[in-house]
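Each chain, letter by letter, is given below.
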Amino acid sequence: GAGVSQTPSNKVTEKGKYVELRCDPISGHTALYWYRQSLGQGPEFLIYFQGTGAADDSGLPNDRFFAVRPEGSVSTLKIQRTERGDSAVYLCASSLTGGQGDTQYFGPGTRLTVL
Amino acid sequence: DQQVKQNSPSLSVQEGRISILNCDYTNSMFDYFLWYKKYPAEGPTFLISISSIKDKNEDGRFTVFLNKSAKHLSLHIVPSQPGDSAVYFCAASEVTPLVFGKGTRLSVIA
């Protein structure tokens, strides 16, 4: 498909475990974003990549959260020592250039449940 | 403190009538505004946007109005169709990351 894909679609883990969430952006898009959507809330910004580098990581809640995009395409969001409060839908989006007027296209999200 | 507010969690409208969804923002540095639509188990889908240099933008049945002095924008859908039933998110940006409201669930009744 031509859209943004995310795997897995659902992830259930236990408190204290480590998880990795993957995002495949639209081919050719240089900008990639991670957002988190908790129940009853809108998506909340986590981190933004321009190419391989994190251009803005001001939304990461603490140092348990880390994201990489080593080849400027696929990105992985990594969460260490998961807590119940990390339960949410994690959304990935990509855009062609990362400019303000550039449309961000979202994937379907990964629903993370921490027991 | 929420910078983008959608004060109506839900809205029901008869098919064929106008739907008006409202959004308020507090950060005067925001200069680009968007509406996204979200169906269950899908990611948000871009609907329409407006730059702060404009006060209106139209795309088919969808029109967004921006009132900068009131820090208010609205999305008008006319005529409303059952397929428009979804959660609508207002978003704003100063640079690139988007700041979203909590969403309004629109139900269009046939």
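Residues numbered from 1 in each chain as written. Chains lettered and ligands numbered in written order. Predicted model: local features only at pLDDT ≥ 70, side-chain atom pairs only at ≥ 80, totals over all residues. Heavy atoms only, no water.

(A) Fine view of the pairing of strand β11 (residues 104–109) of chain B. Residue and element names in this part refer to chain B. Side-chain alternation along β11 places T104, L106 and V108 on a buried face and R105, S107 and I109 on a face that remains uncovered. Relative to β11, strand β2 (residues 10–14) runs parallel, the two sharing five bridges. Bridge pairing links Q14 to I109 in β11. Alignment of strand β9 (residues 86–93) against β11, held across three bridges, turns out to be antiparallel. Its bridge partner being in β11, Y88 is matched across the sheet by T104. (Buried < 20%, exposed > 50% of the residue type's maximum accessible area, 1.4 Å probe, protein only. Helix = DSSP H or I, 4+ residues; strand = E, 2+ residues; numbered from the N terminus. Pairing = 2+ DSSP bridges.)

(B) How the structure looks around the interface of chain B and chain A. Every contact between the two is made by 19 residues of chain B and, on the other side, 20 residues of chain A. Taken together, both faces of the contact between chain B and chain A bury some 1,500 Å²; the carbon and sulfur share is 58%. By the criterion of area lost to chain A, the three top residues of chain B are T96(B), P97(B) and F100(B), representing 32% of everything that side buries. On the surface where chain B and chain A come into contact, there are zero salt bridges. The greatest single-element share of the side of chain B that touches chain A, amounting to three residues, is contributed by strand β4 (residues 32–38) of chain B. Counted by class, the side of chain B that touches chain A contains 10 nonpolar, four polar and five charged residues. (Contact = heavy atoms within 4.5 Å. Buried area = accessible area lost by both parts, 1.4 Å probe. Salt bridge = Lys/Arg side-chain N within 4 Å of Asp/Glu carboxyl O. Nonpolar A, V, L, I, M, F, W, Y, C, P; charged D, E, K, R; others polar.)

(C) Examining the state of the cysteines more closely. All names here are of chain A. By the definition in use, this model includes two disulfides over all chains. What pairs with C23 in a disulfide is C92, and their sulfur atoms sit 1.8 Å apart. Residues C23 and C92 are joined by a disulfide whose S-S torsion is about -65°; by sign, that bridge is left-handed. Here the residue C23 occupies a position in strand β3 (residues 19–24), and C92 occupies one in strand β9 (residues 88–95), the gap between them amounting to 69 residues. (Disulfide = S-S within 2.5 Å.)

(D) Structural context of the packing of aromatic side chains. In the structure shown here, the tally under the stated rule is 12 aromatic pairs over all chains. Members of the aromatic cluster, connected to one another through ring pairs, are Y33(A), Y35(A), F45(A), Y48(A), F106(A), Y36(B), F46(B), F89(B) and F100(B). (Phe/Tyr/Trp six-rings, centres within 6.5 Å; stacked < 30°, edge-to-face > 60°.)

(E) Expanded view of the pairing of strand β6 (residues 56–59) of chain B. Residues and elements named next belong to chain B. Note that β6 and strand β7 (residues 62–67) share four bridges and pair antiparallel. The residue bridging N57 from the neighbouring strand is V64, located in β7. Here β6 hands over to β7 after two residues, with G60 in that stretch at a positive phi of 65°.

(F) Broad picture of the layout of surface pockets. Approximately 690 Å³ is the volume attributed to the largest pocket. What lines the largest pocket is a set of 32 residues, among which Q37(A), L39(A), V89(A), R111(A) and K38(B) lie closest to the centre. Looking at the lining of the largest pocket, the elements that each hand over two or more residues are β9 and β11 (110–114) of chain A together with β9 and β11 of chain B. With four residues, β11(A) is the single largest residue contributor to the lining of the largest pocket. Taken together, 23 residues make up the lining of the second largest pocket; nearest its centre are E44(A), F45(A), Q3(B), L98(B) and V99(B). Breaking the lining of the second largest pocket down by element, the ones donating at least two residues are β5 (44–50) of chain A together with β10 (99–100) of chain B. Grouping the constituent residues of the lining of the second largest pocket by class yields nine nonpolar, eight polar and six charged. (1 Å grid on protein atoms, 1.4 Å probe; cavity = no way out; pocket = protein on both sides within 12 Å on 5 of 7 lines; lining within 4 Å. Points joined across faces, edges and corners; volume = space filled by probe spheres on them.)

(G) Expanded view of the sheet that holds β6(B). Residue and element names in this part refer to chain B. The strand order across the open sheet formed by five strands is β1-β3-β8-β7-β6, and the pairing between neighbours is antiparallel. One side of each edge strand has no neighbouring strand; the edge strands of this open sheet are β1 (4–5) and β6. Pairing between strand β3 (residues 19–25) and strand β8 (residues 72–77): six bridges, direction antiparallel. When the sheet's bridge partners are listed, D24 is paired in β8 with H72.

(H) Spotlight on the pattern of salt bridges. Evaluation of the coordinates by the stated rule reveals five salt bridges over all chains. Note that E58(B) is salt-bridged to K56(B), the shortest N-O span being 3.7 Å. Counted as one network, the salt bridges with shared partners bring together R64(A), E83(A) and D86(A).

By themselves these figures say nothing about function.
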